[in-house]
Amino acid sequence: MADTAARTTYIGASTPKIDGVDKVTGAARYGADIRLPGMLDGRVLRSPHAHARIKKIDTSRAEALPGVLAVVTGNDFPLLKPGTIVQIGVLKMDLHRISQLVIARHKVLFVGHPVAAVAATSPEIAEDALKLIDVEYEVLPHILDEVESMKPGAPLLHDDLFTSGTPEKPTKPSNIALYIEMARGDVKKGEADADVVVERSFKSQTVHQGYIEPEAETAWWHPDGRIAVWADTQGPFGQRSQLAVFLGVPQARITVVPMEVGGGFGAKNALRISPLCAGLSRKAGRPVRIVLSREEVLKATGPGVATTNWVKVGARRDGTLTVIDARMVYNAGAFPGSPLAGGTLVGFSAYQTPNLRIVGYDVVTNRPKVQAYRAPGGPPISFAVESVMDEVAEKLGLDPVDFRLKNASKTGDPGPNDLKFNRIGLTDLLQKVRSHRAWNDPLPAPRYGGKVGRGLALGFWRGGTNTSSCELNLHGDGSVSLVIGSVDLSSVRTSFAQIVADEFGLTPGDVTVTTGDTSSVGYTDNSGGSRVTYVTGTAVHRACQAAIGVLKGRAAQKFNVPPDIIEFKDGVFSVRDIQDRTTTLKELAAESVRGGGVISVSGTATGMQAAPAFAAQIADVEVDPETGKVQILRYTAFQDVGKAINRAQVEGQIQGGVAQGAGWALHEAYAFDDKGLLRNASLLDYRIPTALDLPWIDVELVEVPASDGPYGVRGVGEVPIVPPPGAIANAIYRAAGVRMDVLPMSPESVLTAIKRRDKPPSRTRWLGATGASGETDGEGAVAGVDTPHDE
């Protein structure tokens, strides 16, 4: 035990990662590291077609192959009824759709859609068995683009999908799964009141989260009906809830053991391969592990969303916004559920205007079903909004920071959904930007003979809440063990060790933090939405306070005084105003295991207020006008973090988000051929940023405490990915004189923009929520927009 006499606070310190040694030495166990007696290797047969009807599946030849112990198809799982919903936190998961995503039933809806799975005594035999499964398909027309999918006559993916959210209930099925509209004021009046109006349309492509670890999961269906799952997941309790419904068994019979996760960024919240492992295990009577290839990860697991967006902004000469009007079409992939709702908040929450209208469409296409990706839905619409805001400021002759400050959301202002912000620090953030060297220094000199520009963009994330639980045990020597229900994606165990150390007057070395399985700790929602340090950290703090409360009672008994006059500081319990009546944490801990009663408590946090987070980022870029290549020369990220528990980890989270945002901005995109096949399904061809693409990312923290929680913490993981596309686009404009309207802003797209600088954009017609086309009058669900085209 460390001496607590010289104890200092650990909140805010850059404490080294407590899981660092295991990860760098290879001791940490990931999904692919599971080894169980008699374990079989599973492999998945996937559709070669983007859209086809399954007429017949014959698995007899595969089942006859020596070494094959099980084969499953969709017929081996319950067919869940429409409307089968599992509630996970605030999310309603449609298990009717998810079950068809996990394994196809009557139709395949994208290239890579699972059709069957096998389990064999070796990976090689399993691969050979896949080749022996005979599937007869009736190939159907397919659709990849979200706007084209809305048109009358587009191939229909689901004959039971009717648009929700429309004023009138549709009578015909549609590829438009959801229509949403948020509005306040009068957009026509807002436009009439404006001295400057800018409207533009934007296009972004499907991108992947780029996690390093391919999915790997194992299931063991025991003869007594118990099911154990070793999961590569961000949410073991959510996975258990979905598995129970998918497999038709009680949750109590399923234990999900979360493994270390080698990156998830939102994508590993979804139910993916564990149901197939479980189905194979039930048939084989042995544990089954499936490890995906990188090609499978890119083709079939769940990338980030592709979008088409149109934004109109109007302002008076003094810079006051009078109107924001927007249309958003989000490509959900093969099943409903794009991050459309989140995008509406991310894109528009930074700005206040009396006249607002946001119309959005969630559209299905024959692409892989999208999953969350860090601030889901945010970067593409933020790219659009921040580009237009920058252009409005330029036309008004206003400094981009001053323009944003004038219209910035403040505490008590309404968001796009009209819910009022609790304490936020956007204006504090912008004040820091305005006075910072990154904004005021002269532009750096060109390094490669190109032209240099500087751009600014804002970002927002509402902040996740939901429920978290933990278990805390005080040992006889005064050390502490903490079991959390949250999967650790970013070394939050270190932050929780700091919290426990700070509350008990220990050092982080006196605290052990582990992630429990679903049978050893209370219900905890998924790790995502920037909620873990905020909500689980609050649960940990409450557990500490509960344990200290018990210890105060023990001290009070020892001194025969009321508990309310016992004080605790720096590991010492004392009676208020009586100097010589003290006892230490270590003494009470020792007594607890000698008949005094063990100290074992739980902590839970639920129903907390949201802790909104804002970011501002500045990019200095160099553009080669001959090739269109963009090089980032300097990058500075400002963020309101509320309170940094571990400063180094907070800065690392922000730097990682910027790196991913820069990849989305400049490099990354899925490339489909005309048959719906992904052509760049490898990390050689799918271009993520490397160290050569990025400078050192400077981080400036602002700490405006959140309205809830013990330390004022705000989640930091989501928002840093939001501003990079907009910041880089605005920098490109100042360097090359072109406003970019497509992501990624690759050399080809930048060079094309330079060449067509004076060419007017093409126009296309948008469609209403029912799929009917028409001319817009500015009031209905139909809007005429400028949609960029690839050249």
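Since the structure is predicted, the reported quantities are computational estimates derived from the model, not experimental observations. (Residues numbered from 1 in each chain as written. Predicted model: local features only at pLDDT ≥ 70, side-chain atom pairs only at ≥ 80, totals over all residues. Heavy atoms only, no water.)

Undergrad: Which parts of the structure should I look at to understand the overall build of the chain?
TA: Counting its regular elements, the chain contains 20 helices and 30 strands. The C-alpha radius of gyration of the chain comes to 28 Å, within 12% of the 28 Å expected for a compact globule of 791 residues. Projected onto its principal axes, the C-alpha positions of the chain cover 85 × 75 × 55 Å. Here the chain holds 791 residues, and 61% of them are scored as buried. Considering only intrachain contacts with a sequence separation of at least 6, the fraction spanning at least 24 residues in the chain is 78%. Summing over all exposed atoms, the chain offers an accessible surface of approximately 29400 Å²; the carbon and sulfur share of this is 51%. (Helix = DSSP H or I, 4+ residues; strand = E, 2+ residues; numbered from the N terminus. Rg over C-alpha atoms; globule rule 2.2 N^0.38 Å. Buried < 20%, exposed > 50% of the residue type's maximum accessible area, 1.4 Å probe, protein only. Contact = heavy atoms within 4.5 Å. Areas by Shrake-Rupley, 256 points an atom, 1.4 Å probe, with all protein chains shown as cover.)

Undergrad: How should I be thinking about the nonpolar core in this particular structure?
TA: For soluble globular proteins, the rule of thumb is that nonpolar side chains tend to be buried together. Within the largest apolar cluster, 104 residues are counted, with the highest numbers of intra-cluster contacts made by Val621, Ile728, Ile732 and Met745. Of all the elements, helix H11 (residues 378-396) adds the most residues to this core, at nine residues. Setting aside its immediate chain neighbours within four residues, valine 621 contacts Lys451, Val452, Gly453, Val630, Gln631, Ile632, Leu633, Ile728, Ala731, Ile732 and Ala735. Counting 48 residues, the second largest nonpolar core, distinct from the first, contains Val532, Ile566, Val575 and Val713. (Core = buried A, V, L, I, M, F, W, Y, C linked by side-chain atoms within 4.5 Å.)

Undergrad: Explain the sheet that holds strand E2 (residues 52-58) to me, please; I cannot follow it from the model alone.
TA: Ordered by their spatial adjacency, three strands build an open sheet running E6-E2-E8, and the pairing between neighbours is antiparallel. Edge positions in the sheet fall to strand E6 (107-108) and strand E8 (134-139), since each of these pairs with one other strand and no more. Pairing between E2 and E8: six bridges, direction antiparallel. Within the sheet, the bridge partner assigned to alanine 52 lies in E8 and is valine 139. (Pairing = 2+ DSSP bridges.)

Undergrad: Where do I start with helix H3 (residues 95-102) in this structure?
TA: Each turn of an α-helix holds 3.6 residues, which means side chains three or four residues apart point in the same direction. Of all eight residues that make up H3, eight are buried, and the element is covered over most of its length. For H3, the full list of buried residues reads Leu95, His96, Arg97, Ile98, Ser99, Gln100, Leu101 and Val102. Where the residues of H3 are buried, they touch strand E4 (85-88), strand E5 (91-94), strand E7 (114-120), helix H7 (236-247) and helix H8 (274-284). Between the side-chain oxygen at the start of H3 and the backbone nitrogen of histidine 96 there is a gap of 3.1 Å, and the oxygen is on aspartate 94. (Polar contact = N/O pair within 3.5 Å; in protein donor to acceptor, adjacent residues only side chain to side chain.)

Undergrad: What should I look at first to understand the packing of aromatic side chains in this one?
TA: Given two aromatic rings, their pairing is described by the distance between the two centres and the angle made by the two planes. Enumeration over the complete set of coordinates arrives at 11 aromatic pairs. Centroid distance phenylalanine 421 to phenylalanine 460: 5.9 Å. Interplanar angle 70 degrees. Geometry classified as edge-to-face. Of this pair, phenylalanine 421 sits in the loop between helix H12 (400-407) and helix H13 (426-435) while phenylalanine 460 sits in strand E18 (residues 451-461), and the two are 39 residues apart along the sequence. In textbook terms, an aromatic cluster arises when at least three aromatic residues are bridged by ring pairs, as seen for Phe421, Phe460 and Phe614. When the ring centre of tyrosine 211 is taken as origin, the NZ or CZ atom of lysine 268, which lies over that ring, is 4.4 Å away. (Phe/Tyr/Trp six-rings, centres within 6.5 Å; stacked < 30°, edge-to-face > 60°. Lys NZ or Arg CZ within 6 Å of the ring centre and 35° of its normal.)

Undergrad: Just checking my understanding: could you explain the pattern of salt bridges for this structure?
TA: Between side chains of opposite charge, a pair can form as their charged atoms come close. Applying the stated rule across the entire model yields 46 salt bridges. A salt bridge links arginine 739 to aspartate 390; the nearest nitrogen and oxygen atoms lie 3.1 Å apart. Taken as a pair, arginine 739 in the loop between helix H19 (724-736) and helix H20 (747-755) and aspartate 390 in helix H11 lie far apart in primary sequence, 349 residues in all. Judged by its relative accessible area of 0%, aspartate 390 falls in the buried class. Linking arginine 454 and aspartate 620 is a salt bridge whose minimum nitrogen-to-oxygen distance equals 2.7 Å. One end of the pair, arginine 454, is in strand E18; the other, aspartate 620, is in strand E26 (residues 613-623), with 166 residues separating them in the sequence. When salt bridges that share partners are traced, they join Asp19, Lys23, Glu260, Asp488 and Arg493 into one network. (Salt bridge = Lys/Arg side-chain N within 4 Å of Asp/Glu carboxyl O.)

Undergrad: Would you explain the pairing of strand E14 (residues 288-291) in this entry?
TA: Each regular strand shows side chains that alternate between the opposite faces of the sheet. Relative to E14, strand E1 (residues 40-46) is paired through three bridges, and the arrangement is parallel. When the bridges of E14 are listed, aspartate 41 appears paired with arginine 289. Bridge count for strand E11 (residues 216-221) against E14 is four bridges, and the pairing is antiparallel. Paired with glutamate 217 across the strands is isoleucine 290, a residue of E14.

Undergrad: It is not clear to me how the environment of methionine 93 should be interpreted in this structure. Could you clarify?
TA: By secondary structure assignment, the location of methionine 93 is in strand E5. If we ignore the near neighbours within four places in the chain, the residues touching methionine 93 are Thr84, Ile85, Val86, Ile88, Ile98 and Gln242.

Undergrad: Whenever I open this one, unusual backbone geometry confuses me. Can you help?
TA: What you tend to see is this: most non-glycine residues have negative phi, and most peptide bonds are trans. Of note, the amide linkage connecting leucine 743 to proline 744 takes the cis form, showing an omega dihedral of 0 degrees. With phi around 55 degrees, aspartate 570 is a residue other than glycine that occupies positive phi space. Judged by relative accessible area, which is 29%, aspartate 570 ranks as partly exposed. Phi at aspartate 577 is positive, roughly 70 degrees, even though this residue is not glycine. For aspartate 577, the location among the structural elements is in the loop between strand E23 (572-575) and strand E24 (578-584).

Undergrad: Help me out: how do you make sense of the pairing of E24 in this one?
TA: Judged from the four bridges that link them, E23 and E24 form a sheet pairing that is antiparallel. The residue bridging valine 575 from the neighbouring strand is isoleucine 578, located in E24. In textbook terms, the turn of a hairpin is the stretch between consecutive antiparallel strands, and for E23 and E24 this stretch comprises two residues, one of which, aspartate 577, has a positive phi near 70 degrees.

Undergrad: Would you explain the packing of helix H16 (residues 532-559) against helix H17 (residues 585-596) in this entry?
TA: The packing of two helices is summarised by the inter-axis angle and the distance between the axes. At their nearest, the axes of H16 and H17 sit 11 Å apart, and the two run at 85 degrees to each other. When the axis of H16 is compared with that of H17, the two are roughly perpendicular. Only Leu585, Glu587, Leu588, Glu591, Ser592 and Gly596 of H17 make contact with H16, whose side of the interface consists of Leu551, Arg554, Ala555 and Lys558. Counted by class, the contact of H16 with H17 contains four nonpolar, two polar and four charged residues. (Axes fitted to C-alpha atoms, helices over the stretch in contact; angles between N-to-C directions. Parallel < 35°, antiparallel > 145°, perpendicular 65-115°, else oblique. Nonpolar A, V, L, I, M, F, W, Y, C, P; charged D, E, K, R; others polar.)

Undergrad: Would you take a moment to explain the sheet that holds E18 for this structure?
TA: Ordered by their spatial adjacency, four strands build an open sheet running E18-E26-E27-E28, and the pairing between neighbours is mixed. Pairing within the sheet leaves two strands with one partner each, and these edge strands are E18 and strand E28 (697-702). Here the strands of the sheet are splayed against their neighbours by 15 degrees on average, with no regard to which way each runs. Across 11 bridges, the pairing between E18 and E26 is antiparallel. From the neighbouring strand, glycine 459 faces E26, where its bridge partner is alanine 615. In the packing of H19 onto the sheet, the strands contacted are E18, E26 and strand E27 (630-640), and the crossing angle to E18 comes to about 155 degrees.

Undergrad: How should the environment of histidine 49 be read in this particular structure?
TA: Note that histidine 49 resides in the loop between E1 and E2. Separated by 88 residues in the primary sequence, histidine 49 and tyrosine 137 have C-alpha atoms spaced 8.6 Å apart. Leave out the neighbours within four places in its chain, and histidine 49 touches Val108, Phe110, Val111, Tyr137 and Val139.

Undergrad: It is not clear to me how the state of the cysteines should be interpreted in this structure. Could you clarify?
TA: One covalent bond between the sulfur atoms of two cysteine residues makes up a disulfide. All told, the structure shown has zero disulfides when counted by the stated rule. No disulfide involves cysteine 544; its sulfur sits 7.5 Å from that of cysteine 470, the nearest cysteine. (Disulfide = S-S within 2.5 Å.)

Purely geometric numbers; function is a separate question.
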